[in-house]
Amino acid sequence: MSDHTVLRVTGRVLVGPEDVRDELWVVGGRITFDRPAGARDVRTVHGWALPGLVDAHCHVGLDRHGAVDEATSEQQARADRDAGALLLRDAGSPADTRWIDGREDLPKIIRAGRHIARTRRYIRNYAHEIEPADLVSYVAREARRGDGWVKLVGDWIDRDAGDLTACWPRAEVEAAIAEAHRLGARVTAHCFAEAALRDLVEAGIDCVEHATGLTEDTVPLFAERGVAIVPTLVNIATFPALAAGGQEKFPRWSAHMNRLHERRYDTVRAAYDAGIPVFVGTDAGGGLAHGLVAGEVAELTKAGIPPLEALSAATWRARTWLGRPALEEGALGDLVVYDEDPRADVRVLAAPRRIVLDGHVVG
């Protein structure tokens with residue numbers, strides 16, 4: 001489509017959960033709800049239109065071994081795009097993917113810089129591996145490199161303990177989060193288990209990834225402080241296989257991982273019922289393929305989150321949380337069109353009819 005072509009989207013345009021319009025236009029890559037005067041070269045797309053979906057936890061530029069080349073990063077970003085995920089929060093990557101920002105055919109990325117982990121307490125080649133005395137300086141570094149987010153590894157297996165334990169002392173976490181906030185960045189943390197959660201929340205963290213360790217003691221704390229979670233249930237589904245692989249060497253860790261998996265849906269539903277903000281993220285890019293956003297929305301409904309709320313966690317509400325517009329006057333024309341109403345059945349998300357980026361039909 002040339003830069004002069006006008007896109008018209010007709011049918012049902014889901015500006016919000018209950019705000020449904022009959023059409024929108026994209027002119028010069030920007031959305032308008034006013035018919036442009038004298039429009040020529042109009043291309044029409046018909047169906048149920050949503051804002052581009054959000055994957056709030058993925059890793060472009062990363063595979064299970066570490067950083068990947070640009071060709072592989074592009075394949076990952078395309079897989080997300082083709083699934084309708086047009087806004088990605090990259091929750092930690094050692095690769096420089098800034099070149100993607102110049103591509104109108106690839107999703108928008110909000111980066112959290114590179115993971116910050118304790119020495120020998122995370123996956124090799126993923127993170128800056130440091131000791132607590134250096135935490136503040138590394139958080140400041142990644143706050144300046146990222147797009148308003150910093151990612152900590154809050155817990156991981158401690159081989160001496162044979163189980164998941166917290167990675168950082170409370171005082172260092174408080175200082176590091178305060179420094180990130182001073183620099184205008186929000187902080188999130190990988191956390192599978194229970195031990196690190198209270199210190200992180202009371203230290204002022206903004207979000208926790210996975211959050212499988214939430215309990216009746218910490219759910220009210222998250223709700224009171226407004227700390228969001230991104231459950232990544234499509235990734236939590238891998239826990240039994242991980243546990244089986246480590247059962248002989250680390251039986252306590254293995255049993256713990258199985259318990260966290262078994263209660264995963266109850267954990268997410270308890271968080272939602274308490275008013276904790278829940279968002280869609282897949283954890284794609286490590287051991288998982290990209291393009292799983294529809295599956296994660298479906299997983300949230302299996303946990304008991306109402307379908308419309310699960311849909312909003314990947315669209316309108318997620319974009320507001322990340323500070324990016326949805327289908328608004330003057331916003332970039334990033335949207336996905338479906339044959340049926342995704343509010344009635346979130347499984348519709350798995351089959352986008354048309355994908356539009358910056359007003360260009362790309363899929």
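Our structure is the block above this text.
What counts and how
- Residues numbered from 1 in each chain as written.
- Predicted model: local features only at pLDDT ≥ 70, side-chain atom pairs only at ≥ 80, totals over all residues.
- Heavy atoms only, no water.
- Helix = DSSP H or I, 4+ residues; strand = E, 2+ residues; numbered from the N terminus.
- Rg over C-alpha atoms; globule rule 2.2 N^0.38 Å.
- Areas by Shrake-Rupley, 256 points an atom, 1.4 Å probe, with all protein chains shown as cover.
- Lys, Arg positive; Asp, Glu negative; His and termini not counted.
- Charge placed at Lys NZ, Arg CZ, Asp CG, Glu CD.
- Buried < 20%, exposed > 50% of the residue type's maximum accessible area, 1.4 Å probe, protein only.
- Pairing = 2+ DSSP bridges.
- Phe/Tyr/Trp six-rings, centres within 6.5 Å; stacked < 30°, edge-to-face > 60°.

Helices and strands together make up the secondary structure of the protein, namely twelve helices and 20 strands. Its C-alpha radius of gyration of 21 Å places the protein within 12% of the 21 Å reference for a compact globule of 363 residues. Accessible surface computed for the protein: about 14600 Å², of which carbon and sulfur atoms make up 46%. The protein carries 44 positive and 55 negative side-chain charges, and their two centres are separated by 2 Å.

A word on the pairing of strand S5 (residues 53-58). In terms of residue burial, S5 counts as a mostly covered element, since six of its six residues are buried. Relative to strand S8 (residues 85-90), S5 runs parallel, the two sharing four bridges. Bridge pairing in S8 places cysteine 58 opposite aspartate 90.

The subject of this paragraph is the packing of aromatic side chains. Applying the stated criterion across every chain yields a total of six aromatic pairs. Centroid distance tyrosine 122 to tyrosine 126: 6.0 Å. Interplanar angle 75 degrees. Geometry classified as edge-to-face. As far as the burial class goes, tyrosine 122 and tyrosine 126 line up, both buried. An aromatic cluster is defined as three or more aromatic residues linked by ring pairs; in this entry it consists of Tyr122, Tyr126, Trp156, Phe192 and Phe239.

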